[in-house]
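# Structure at a glance
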Amino acid sequence: MEDRLYSSIGELVGHTPLVELTGFEKEHGLTARILAKLEYFEPSGSVKDRAAFWMIRAAEREGKIRKGDVILDFTSGNTGIALAAYCNALGYRFAAVLQPGVSKERTQILKAYGSIFLEFKDIPGVSEMIRSEGLNFGKFYVLLQKYADEHGYFFINQGTNQANVQAHYFGTGPEIWAATEGHVDFFTALAGTGGTIAGCGKFLKEKNPDLKVIGAQPSPTSRKDSAYPERDTIDGVTAFEGVDEDAVPHFFEEFQIHCDEVLDLDADEAYETGRDLVRSDGLFLGQSAAAAVLAARKIAERPEASGKTIVCVCADNAFKYLSTGIYREDV
Ligand SMILES: Cc1ncc(COP(=O)(O)O)c(C=O)c1O
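Since the model is a prediction, treat every value here as computed from it, not as a measurement.

The rules we used
Residues numbered from 1 in each chain as written. Predicted model: local features only at pLDDT ≥ 70, side-chain atom pairs only at ≥ 80, totals over all residues. Axes fitted to C-alpha atoms, helices over the stretch in contact; angles between N-to-C directions. Helix = DSSP H or I, 4+ residues; strand = E, 2+ residues; numbered from the N terminus. Parallel < 35°, antiparallel > 145°, perpendicular 65-115°, else oblique. Contact = placed C-beta atoms within 7 Å. Left-handed = near helix turned anticlockwise from the far one by under 90°. Nonpolar A, V, L, I, M, F, W, Y, C, P; charged D, E, K, R; others polar. Near = placed C-beta within 6 Å. Domains from an automatic or database assignment. Pairing = 2+ DSSP bridges. Buried ≥ 20, exposed ≤ 12 C-beta atoms within 10 Å, placed from the backbone. Arc of directions from axis to C-beta.

To continue, consider the packing of helix α10 (residues 267-281) against helix α11 (residues 287-300). Look at α10 against α11: their axes get within 8 Å of each other, and the N-to-C directions meet at 90°. The pairing of α10 with α11 is recorded here as roughly perpendicular in orientation. Mapping the contact onto sequence places Glu-269, Ala-270, Tyr-271, Thr-273, Gly-274 and Leu-277 in α10 and Gln-287, Ala-290, Ala-291, Val-293, Leu-294 and Arg-297 in α11.

So, about the packing of helix α3 (residues 78-90) against helix α4 (residues 104-112). Close contact between α3 and α4 brings their axes to 9 Å; oriented N to C, the two are set at 15°. The angle between α3 and α4 places the two elements in the roughly parallel class. Crossing of α3 over α4 shows left-handed handedness. Facing α3, whose interface residues are Gly-80, Ile-81 and Ala-84, α4 presents Arg-106, Ile-109 and Leu-110. Looking at the contact of α3 with α4 residue by residue, the class counts come to 4 nonpolar, 1 polar and 1 charged.

Around the ligand sit 18 residues in total, of which Gly-192, Thr-196, Gly-236, Ser-288 and Ala-315 are the nearest. Contributing elements (two or more residues each) for the shell around the ligand: α3 and α8 (195-207). Split into classes, the residues belonging to the shell around the ligand amount to 5 nonpolar, 11 polar and 2 charged. In terms of domain composition, the shell around the ligand takes at least three residues from each of domain 1 (9-46 + 162-321) and domain 2 (48-155).

Judged by pairing direction, the sheet is mixed, and its 6 strands sit side by side in the order β1-β2-β10-β7-β8-β9 without closing on themselves. A strand with exactly one partner marks an edge of an open sheet, and here the two such strands are β1 (18-20) and β9 (261-265). Sheet twist, expressed as the average angle between the axes of neighbouring strands with direction ignored, equals 25°. In this structure, strand β7 (residues 186-190) lies alongside strand β8 (residues 212-218), joined through 5 bridges in parallel fashion.

For an α-helix, the turn length of 3.6 residues means that residues three or four places apart are oriented alike. What α4 keeps buried is the set Arg-106, Ile-109 and Leu-110. Take α4 and look down its axis: the buried residues cluster within an arc of 95°, on one side only. Along α4, exposed side chains directed more than 90 degrees from the buried face belong to Lys-104, Gln-108, Lys-111 and Ala-112. The inward-facing, buried residues of α4 abut α3 and β4 (93-97). Backbone geometry just after α4 places Gly-114 at a positive phi near 75°.

Let us look at the pairing of strand β10 (residues 309-314). The buried fraction of β10 is high, at 5 of 6 residues. Of the pairings in the sheet, the one linking strand β2 (residues 33-38) to β10 comprises 6 bridges and is parallel in character. Pairing of Leu-35 across the sheet is with Val-311, part of β10. Bridging between β7 and β10 involves 3 bridges; their strand directions are parallel. In the sheet register, Thr-188 faces β10, and the bridge partner there is Cys-312.

So this is what it looks like as structure tokens:
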């Protein structure tokens, strides 16, 4: 960020620092470099500032929204918080369709931004669908679109909105390339919509076809829908390999992005990595960010990675997870 005066948080999106985790490397005796892209430096605190800002700007350019309009999406996580922030800053309102079980911190943050809150029962047809066949995402999105049309809302749909991927293809990826001066051998991240992996993966592979894109996901026992609901999970991200086809991010197919490998990560091990990083490098990372560093460590420990550079995306910091088990000893 330059030392100058800015007129809107929109001018502050991107250009987050890339920091070598020297303490962590030393503590674990790693001979590869781990570089962490610290996305909590974004104005609303996460990697999703990029997608939210780019999607709103694209909708404006395409004449799909006018000042004062309400923008709707199914999210109560980082995308919701980012959309709420940029809607307020750019003259719109945000309506969040809340995911069941959303954390206290997230609801409080969305409330603070003055977002409109919608639950499944508010969207006609959704409760009936869940009762008869469970949550069918294809049908759910059709019902959301219908609701948006009837209310004059703009359904921004982060899961299929190309501007989500463009934010990373034109932003995050080039930033990583510039900061490393092209010296990057592995790229690793977790996935929600898959926008980060698709956009960065496509850009970095175009620059260096030998670069390996390593996806990471919660292990089968660390998933919310697993047979072990009492186990810890990695919040805000989903599994996309070895699961139902409709869990594979739409963008992977659209942009022909295939991870060279996908690592299954145990949530408890990710939490431990988070606690490690507090001491080794003074970082206080969120769950998926700590998991991304764990993925980078697993790559760094391989003999073939010695002397190589691994970039991982740290989506957010720990402040939204204080009520979860990651840094608490009493839960
Ligand atoms: C905490 C966290 N980490 C990672 C991601 C992954 O982002 P993407 O949607 O680009 O896959 C998200 C997305 O919501 C997130 O909330």
